[in-house]
Amino acid sequence: MDLLNTLVDKGLRRELPTREEALAVLATSDDDLLDVVAAAGKVRRQWFGRRVKLNYLVNLKSGLCPEDCSYCSQRLGSKAEILKYTWLKPEDASKAAAAGVAGGAKRVCLVASGRGPTDRDVDRVSKTIEAIKEQNEGVEVCACLGLLSEGQADRLRDAGADAYNHNLNTSEGTYGEITTTHTYADRVDTVQQAQAAGLSACSGLIAGMGESDEDLVDVVFALRELDPDSVPVNFLIPFEGTPLAKEWNLTPQRALRILAMVRFVCPDVEVRLAGGREVHLRTMQPLALHLVNSIFLGDYLTSEGQAGQADLDMIADAGFEVEGAGTTTLPEHRADVVAGCGSHESAGCGSHEESSGGGSHESSGCGSHGGGCGPCGSPQAEPEAPAVPEARTDLVAVRRRGAGTDLAPNA
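Here the structure is a predicted model, which is why all the values come from computation and not from measurement.

(A) A look at the overall build of the chain. When helices and strands are tallied, the chain shows 14 helices and 12 strands. A total of 411 residues make up the chain; the buried ones form 58% of that total. A separation threshold of at least 6 residues defines the contact pool for the chain, and within that pool the share at least 24 residues apart is 78%.

Quick look at the structure:
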C-alpha cells in the first residue's frame, strides 16, 4: 500500500505526515489492519527497539473534583461508585509506589483530583516525591495535579519531579462539549509551564468520546506541535454515573488504527497505552505493543486493570522486553534535549516545517468534515458508518484495592 510505505519512510525520517495521510490511516479497512500495524511497528522499532516501559499510577487524592469533565468518574456530580479519599500521607504514597517499582515500573505517576494544586498541595506532593526518591533509587516521578499556577512547576522540579502530565484529551474545536469549567487553552498553558521549568512534558488524548476522525487528527497534530516527550493514549472507560456512560464507540480494530496514527504522527515520542486498553482492546492488547513503547502496569486511578503478572507475561509472550532502569527511554536526539535546559524548540518528533501538512485545516485537502480519503489519498465514497459496539459494562471494574485502601495493590 503506497500510503503505508510513505508513512514508514516519513516516520524513519521523523517527518510529519499530512493530515490527509493521518485521516487515511483511520479510514483503512479491517482487511488492511495487520498491514497498518506492521508498518507502524517498523517506525516503533526504529526508535525504541522492542523495549516496553512500565509506568505505575498512585492516586494521591480520589474523587470530589470541582471540574465537570464528562469522561471522568471523579467529576463534579459523578454518581460513579468509586473510592473517595483525601490526600495520602507521603509514607503511604511511597509504599504504594514501591509496589509498582517492585513489579518492574520505571516511572511512578502521582495523580490528584482537582482543578489544580494550592501551594500547600505542592508542598505536600514535594514531600511525597522526596520520600519516593529516597526509597527507590533511579525511579522517575511524574506529577499530574491539574492546572498549574506560576512557579509551581519549578517547585516540583526542585523537589525531584522528572515529568509533568496534563492531557489535551480532545480537539480544541470540541473541547467545550466535554468540559466547561476550564478551557483547552488552560491545558496547553500548563504543559508549556512544565516545559519551561525543565520538566519532561507528558500530554495525550482520550479516544472513544464520540469524536470524529478529524477531531482525533486535530488533537494528535496539536500534540505534535506542543511536542511532549510522552503521549498517553487513553480509551474512554464509560463509567456508569457519568455523562459518557453510554459511549461505546470503539472496537479493538478501531483502537489499533488510532494507536498507529499516533505513532506515525509522533514517531520518536514515548507513546503510552493508557486507561481503557483492557476494556476496548481486550485480547488484541499484544498487537498494540507493536505500536506503543510504554504501558501502565496494574490498576488505574479509579478502575482496575488486568493483573500485573498478566501484563508482564503479555510483554514476554509477544517477544518484547521490559525496559530496565538503566536504559534511556527516548532516542538520543530527544534525550539530549530533555537532559538540557528543557527547551524543545529544536528537538520535536521532527521539524514542523518539513511537511506541507502542518496541521491546519487550510493546508490539507482532506481536513474538511465533508468527505473521506482512500488509502492513496484519492477521494472515495463515504464509507458506511460502523456498527456501534454493544455496551460491555461487565468490563468496567471499579478499583477497590491499592492506594486509599487496606488491600494490597495490583502490581
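(B) Highlighting helix H13 (residues 308-317). The set of residues buried in H13 consists of Gly308, Asp311, Met314 and Ile315. Projected down its long axis, H13 shows its buried positions confined to an angular sector of 120°, all on one face. Looking at the packing, one finds that the buried side of H13 touches strand S1 (51-61), helix H11 (277-280), helix H12 (285-288), strand S9 (294-296) and strand S10 (321-322).

(C) Broad picture of the side chain of Thr128. Within the fold, Thr128 resides in helix H5 (residues 119-135). Those residues in contact with Thr128, other than ones at most four positions away along the chain, are Leu60, Pro90, Ala93 and Leu110.

(D) Representation of the pattern of salt bridges in the model. All chains considered together, the criterion is met by 23 salt bridges. When the shortest N-O distance is used, the salt bridge between Arg51 and Glu323 registers 2.5 Å. In this pair, Arg51 sits in strand S1 while Glu323 sits in the loop between S10 and helix H14 (332-339), placing the two residues 272 residues apart along the sequence. For the pair Arg51 and Glu323, a shared accessibility class is recorded, and that class is buried. When salt bridges that share partners are traced, they join Lys53, Arg107, Glu140, Glu270 and Arg272 into one network.

(E) Examining the side chain of Arg44 more closely. Inspection of the secondary structure puts Arg44 in helix H3 (residues 33-48). No salt bridge is formed by the buried Arg44. Its closest oppositely charged neighbour is Glu323, at 7.6 Å. Among the polar contacts made by the side chain of Arg44, one reaches the main-chain carbonyl oxygen of Arg51 at a distance of 2.8 Å. Beyond its immediate stretch of four places on either side in the chain, Arg44 contacts Gly49, Arg50, Arg51, Val52, Arg263, Leu289, His290, Leu291, Val292, Asn293 and Phe320.

(F) Expanded view of the packing of aromatic side chains. Throughout the structure, instances matching the rule amount to one aromatic pair. Considering the side-chain rings of Tyr175 and Tyr184, the 6.1 Å spacing of their centres and the 70° angle between planes classify their relative orientation as edge-to-face. Assessed through its relative accessible area of 10%, Tyr184 is described here as buried. Note that Arg50 overlies the ring of Phe320, its terminal NZ or CZ placed 4.4 Å from the centroid.

(G) Highlighting the packing of helix H1 (residues 2-12) against helix H2 (residues 19-26). Here H1 crosses H2 at 125°, and the two axes come no closer than 11 Å. Between H1 and H2, the angle is such that the two are oblique. Relative to H2, H1 is oriented so that their crossing is left-handed. Residue-level inspection shows Leu3, Thr6, Leu7 and Lys10 of H1 in contact with H2, the latter providing Glu21, Ala24 and Val25. Looking at the contact of H1 with H2, its residues break down into four nonpolar, one polar and two charged.

(H) Expanded view of the environment of Met261. Relative to the helices and strands, Met261 resides in helix H10 (residues 252-265). Sequence separation between Met261 and Leu23 is 238 residues, and the spatial gap between their C-alpha atoms is 8.2 Å. Among all residues touching Met261, those that are not within four sequence positions of it are Ala22, Val25, Leu26, Leu216, Val217 and Val220.

(I) Geometry of empty space enclosed by the protein. This structure, assessed with the given rule, holds two cavities of 30 Å³ or more. Along the wall of the largest cavity there are 43 residues; nearest its centre are Tyr71, Cys72, Val111, Asn167 and Leu301. Secondary-structure elements contributing two or more residues to the lining of the largest cavity are S1, strand S2 (107-112), strand S3 (140-144) and strand S7 (230-235). Of the residues belonging to the lining of the largest cavity, the class tally is 23 nonpolar, 15 polar and five charged. Its volume calculated, the second largest cavity comes out at about 100 Å³. Lining the second largest cavity are 14 residues, and of these Tyr56, Leu57, Tyr300, Arg399 and Ala403 sit closest to its centre.

What counts and how
Residues numbered from 1 in each chain as written. Predicted model: local features only at pLDDT ≥ 70, side-chain atom pairs only at ≥ 80, totals over all residues. Heavy atoms only, no water. Helix = DSSP H or I, 4+ residues; strand = E, 2+ residues; numbered from the N terminus. Buried < 20%, exposed > 50% of the residue type's maximum accessible area, 1.4 Å probe, protein only. Contact = heavy atoms within 4.5 Å. Arc of directions from axis to C-beta. Salt bridge = Lys/Arg side-chain N within 4 Å of Asp/Glu carboxyl O. Lys, Arg positive; Asp, Glu negative; His and termini not counted. Polar contact = N/O pair within 3.5 Å; in protein donor to acceptor, adjacent residues only side chain to side chain. Phe/Tyr/Trp six-rings, centres within 6.5 Å; stacked < 30°, edge-to-face > 60°. Lys NZ or Arg CZ within 6 Å of the ring centre and 35° of its normal. Axes fitted to C-alpha atoms, helices over the stretch in contact; angles between N-to-C directions. Parallel < 35°, antiparallel > 145°, perpendicular 65-115°, else oblique. Left-handed = near helix turned anticlockwise from the far one by under 90°. Nonpolar A, V, L, I, M, F, W, Y, C, P; charged D, E, K, R; others polar. 1 Å grid on protein atoms, 1.4 Å probe; cavity = no way out; pocket = protein on both sides within 12 Å on 5 of 7 lines; lining within 4 Å. Points joined across faces, edges and corners; volume = space filled by probe spheres on them.

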